[in-house]
Amino acid sequence: MNIFIHELKAYRKSTIIWTISLIAVFALFMSMFPAFSKDADEFKKLLEGYPEALRKAIGLNLGNLFTILGFYCYALTFIILCGAIQAMNLGTSIVSKEVREKTADFLLTKPVTRKQVLTAKLLAAFASLVITNIVYIAAATVIASQVKTAEFSMKQFILLSMTMFFIQLMFLAFGFIVSVLARKLKSVLPVSLGTVFAFYFIGAISATTDDEAKRYFSPFKYFNNDYILKHSSYEASFMIVGAVIILLAVAASYFVYTKKDIHDV
Amino acid sequence: MNVIEIKNLTKTYGKARGITDINFNVEEGEIFGFIGPNGAGKSTTIRTLLSLIYPTSGSATIFGKDCIKFAPEIKKEIGYLPSEVFYYDNMKVKDLLKYSASFYKKDCSKRIKELADIMDLDLNKKIDDLSLGNKKKVGIVQGLLHEPKLIILDEPTSGLDPLMQQKFFELLEEENKKGATILFSSHILSEVQRLCNRVAIIKEGKIVTVEKISTLKENNYKKFKVETKVPLDQNYFQIDGVSNLTGKGNVTSFLFRGDINAVLRKVAEIEITNLWIEEPDLEEIFLHYYEKEAK
């Protein structure tokens, strides 16, 4: 419990900054929505000039772009990208931070098992994401109801927003295993940015074809916004695969870390 | 009773680093020196005891329990001070120590105050702002605040000024009197000589010898320095029991172990202007352990 609280305090600043940034990106997009929807027809004509493959790759869906939820779907690709970086950063620092700051000796010579240390740290990172998402969704709901031009389904709005949380969990798990496998990570950011953008582009490329199977290769494509808007639910197969990936990554990280030699600095 | 028992402990990793077949015991209530040059395997041994690294073969027990299997339980009673101390930089000393204390199920706040007073440590500073010596003090307080039964020190004196070192040694002796067992690793012999009852010497990953300090220093070793009118033949004193023979101008010096009459007879045969017979310090006794065989 003490490790959990210590870690949560250590994350406090970054959690606040990320949460505010996410809300700011959302607010920025939503501030454009009233003007955007007013001139819908002209924008539509303009955007139709883009090749279809490009529109798909960047997630533009002209069919619903001018409703608030459709517009949100577009904004979400950027917001989730930021969220993924936050999660990957958190995951990667779980172990690498102790190595980099050379505090692993301090923590691991205390009367706790390595599993307890990992669990406390993982839970703290998880809690940081939960807090980010709760505050983000609350703020987003308020902002959205301010700028709406027509009624929209609150359930779908929240379902859309929560896709960020699930994608973050996947990146948290990726970051976790990377930090456990690497002997020493000098800096977290290049690793997390690299991984996140790599998956983002894989996702963008896979979106240009209609091959459903390719969606499994990028966490960003595990949630199909059109499907959510149509059925007000997530696709079970992707939820299951996502959960399995997370569990495997976390289990592997525990396994490796408990067997690992903690080297001298 | 043995607090630490190390049996055939071996750890191989990387090239040429590691330890081979380490065996020694540390008895309850003693201050045990663990000495060897840098890179000899002191830290590797200690890190294995603390289950920071896992042995390739062999085992070690602390308080009679396997040091890997029962690591969390054992560590309740261990205080560890690493050679280089690093802590969460943006914390205050006070908060770091509180965090450290929170791992032990007892109230350590009084002890923290006492130790900070003895070591002259400002609790309200940020760790980031501390000098190396002051960080080391944080390490000392951190290692001792839960009044551990076993104190493991890995080159603890680097960065401490002589006055603080003195206070630190007094502190250790006090803890020892209260019943704490201490494993003290160092490459500085005089520290070990001053504090320890027994000592293990490690060299290139192997234990060379485990002996009582008193035995090592017992009168069988003498340091001779002979001054003569004319330079002596280099090999004049080359008899059984002589080591570290050096001649510099008119002064010849060497260590001697054995029947002292043999040397004195040799001395009597030559014209000398001065003669010193002294107790050697450990440094000189250990010198031959330190010199690499290859050289």
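What counts and what doesn't
- For every chain, the first residue of its written sequence is number 1, and the numbers climb from 1 along that sequence.
- Naming scheme: in the order in which they are written, chains are lettered from A and ligands are numbered from 1.
- Reporting of local features is limited, given that this is a predicted model, to residues whose pLDDT is at least 70; pairs of side-chain atoms are given and counted only at 80 or more, and all residues count toward the totals for whole chains, interfaces and linings.
- Side-chain descriptors were evaluated using all non-hydrogen atoms of the structure, hydrogens and water having been removed beforehand.
- Secondary structure counts use DSSP, requiring at least four H or I residues in a row for a helix and at least two E residues in a row for a strand, with both numbered from the N terminus.
- Contact between two residues is taken to exist if any of their heavy atoms lie within 4.5 Å; hydrogens are not considered.
- Per-residue and other accessible areas were derived by the Shrake-Rupley procedure at a 1.4 Å probe size, with only the shown protein chains allowed to occlude residues.
- Counting rule applied: Lys, Arg positive; Asp, Glu negative; His and chain ends not counted.
- Charge positions are represented by NZ for Lys, CZ for Arg, CG for Asp and CD for Glu.
- All radius of gyration figures rest on C-alpha atoms, and the globule criterion is 2.2 Å times the number of residues raised to 0.38.
- Each residue gets one of three labels from its accessible area relative to the maximum for its type: buried under 20%, exposed over 50%, partly exposed in between, using a 1.4 Å probe on protein chains only.
- When DSSP finds two or more bridges between two strands, those strands count as paired.
- Note on definitions: angles span 0 to 180 degrees between N-to-C directions of axes, and those axes are lines fitted to C-alpha atoms, for helices only across the stretch in contact.
- UniProt positions are given in the numbering used here, feature names are shortened, and annotations may be inferred rather than shown by experiment.
- In this scheme, patches are assembled from residues that exceed 30% relative accessible area and form no salt bridge. Like charges are connected within 9 Å, while nonpolar side chains (Val, Leu, Ile, Met, Phe, Trp, Tyr) are connected within 5 Å.
- The salt bridge definition used is simple: a Lys or Arg side-chain nitrogen within 4 Å of an Asp or Glu carboxyl oxygen.
- To estimate the expected span of a helix, subtract one from its residue number and multiply by 1.5 Å.
- Simply put, the buried area is the total loss of 1.4 Å probe accessible area from both parts when two parts are fitted together.
- Pairs of N or O atoms are called polar contacts if they sit within 3.5 Å, as long as, within protein, a hydrogen donor faces a hydrogen acceptor (for residues adjacent in sequence, only side-chain-to-side-chain pairs).

Draft legend 1. A look at the overall build of chain B. Counting its regular elements, chain B contains 10 helices and 14 strands. With the C-alpha coordinates aligned to their principal axes, the bounding extent of chain B is approximately 70 × 40 × 35 Å. In chain B, of all internal contacts separated by at least 6 residues, the share reaching a separation of at least 24 is 70%. A total accessible area of about 14,200 Å² is found for chain B, and carbon and sulfur atoms account for 48% of it. Side chains of chain B give 43 positive and 43 negative charges; the mean places of these two sets differ by 5 Å.

Draft legend 2. Expanded view of the overall build of chain A. Summing up its helical and strand segments, chain A has 10 helices and 0 strands in all. Starting at the N terminus and ending at the C terminus, chain A contains elements arranged as α-α-α-α-α-α-α-α-α-α. Relative to the globule expectation of 18 Å for 265 residues, the C-alpha radius of gyration of chain A, 20 Å, shows essentially globular dimensions. Taken over the C-alpha atoms alone, chain A extends approximately 65 × 35 × 30 Å along its principal axes. Split into buried and exposed, the 265 residues of chain A put 53% on the buried side. Here chain A displays about 12,200 Å² of accessible surface, and carbon together with sulfur accounts for 69% of that area. Put simply, chain A has 26 plus and 17 minus side-chain charges, and the middle of one group is 9 Å from the middle of the other.

Draft legend 3. Fine view of the sheet that holds strand β11 (residues 221-228) of chain B. Residues and elements named next belong to chain B. Strand order across the open sheet formed by 4 strands is β12-β13-β11-β14, with antiparallel pairing between neighbours. The sheet is open, and its two borders are formed by β12 (242-248) and β14 (272-278), each paired with just one other strand. Along the sheet, successive strands turn relative to each other by an average axial angle of 15 degrees, direction set aside. The sheet strands contacting helix α9 (residues 260-268) are β11, β13 (251-257) and β14, and the helix crosses β11 at an angle near 0 degrees.

Draft legend 4. Layout of the UniProt feature "transmembrane region" (unreviewed entry) in chain A. Residue and element names in this part refer to chain A. If you check UniProt for "transmembrane region" (unreviewed entry), the listed places come out as residues 16-37, 57-81, 122-145, 157-181, 188-207 and 236-257 in our numbering. Across residues 188-207, helical content stands at 100% and strand content at 0%; the span's end C-alpha atoms are separated by 29 Å. Between the end C-alpha atoms of residues 236-257 the distance is 32 Å, and the span holds 100% helix and 0% strand.

Draft legend 5. Fine view of a positive patch on the surface. On the surface, a cluster of positive charge is made up of A:K9, A:R12, A:K13, B:K92, B:K94, B:K98, B:K113 and B:K126. Of all the elements in the fold, those that place two or more residues in the positive patch are α1 (2-38) of chain A together with α3 (93-101) of chain B. At 3 residues, α1(A) tops the list of elements feeding residues into the positive patch. For A:K9, the location among the structural elements is in helix α1.

Draft legend 6. Examining the pairing of β12(B) more closely. All names here are of chain B. Where β12 and β13 come together, 5 bridges link them in antiparallel fashion. Residue pairing in the sheet places V242 in a bridge with F256 of β13. Hairpin remark: β12 followed by β13, antiparallel, with 2 residues in the connecting loop; positive phi at G249, about 60 degrees.

Draft legend 7. Just a negative patch on the surface, in detail. Taken together, the side chains of A:E101, B:D89, B:D128 and B:D129 make up a negatively charged region of the molecular surface. Relative to the assigned elements, B:D129 resides in the loop between α4 (109-119) and α5 (132-144). Taking the relative accessible area as the measure of exposure, B:D129 reaches 56% and is therefore exposed.

Draft legend 8. Quick look at the pattern of salt bridges. Within the structure shown, the criterion is met by 19 salt bridges over all chains. One salt bridge in this structure joins A:E7 and A:K121, with 3.5 Å as the shortest N-O distance. Of this pair, A:E7 sits in helix α1 while A:K121 sits in helix α6 (residues 114-147); the two residues are 114 residues apart in sequence, bridging distant segments of the chain. As a salt-bridge pair, B:E278 and B:K223 come within 3.6 Å of each other at their nearest N and O atoms. Of the two residues, B:E278 is situated in strand β14 and B:K223 in strand β11; the sequence distance between them amounts to 55 residues. Of the residues examined, B:E278 reaches a relative accessible area of 37% and is grouped as partly exposed. Each of the salt bridges in this network shares a partner with another, and the network as a whole consists of B:K110, B:R111, B:E114, B:E175 and B:K178.

Draft legend 9. Expanded view of helix α6 (residues 162-177) of chain B. Helix length check: α6(B) (16 residues) gives 22 Å between terminal C-alpha atoms against 22 Å at 1.5 Å per residue, within 8%. B:G179 sits one or two positions beyond α6(B) and adopts a positive phi of about 115 degrees.

Draft legend 10. Focus on the sheet that holds strand β3 (residues 31-35) of chain B. Residues and elements named next belong to chain B. Spatially, β6-β7-β8-β3-β9-β10 is the arrangement adopted by the 6 strands of the open sheet, whose pairing is mixed. Here the strands that pair on one side only, and so sit at the sheet edges, are β6 (78-81) and β10 (206-212). Across this sheet, the average inter-strand angle for adjacent strands is 15 degrees, counted without regard to direction. The sheet strands contacting helix α1 (residues 42-49) are β3, β6, β7 (150-154), β8 (181-186) and β9 (198-203), and the helix crosses β8 at an angle near 150 degrees.

Draft legend 11. Here's a closer look at the interface of chain B and chain A. Tallying the contact residues gives 26 residues for chain B and 25 residues for chain A. Between chain B and chain A, roughly 2,400 Å² of surface is buried when both sides are summed, and carbon and sulfur atoms account for 59% of that area. Counting across the chain B and chain A interface gives 2 salt bridges. The partner of B:K11 in a salt bridge is A:D261, with the nearest N and O atoms 2.5 Å apart. Summed over the shared surface of chain B and chain A, the result is 15 residue pairs in polar contact (both at pLDDT 80 or more).

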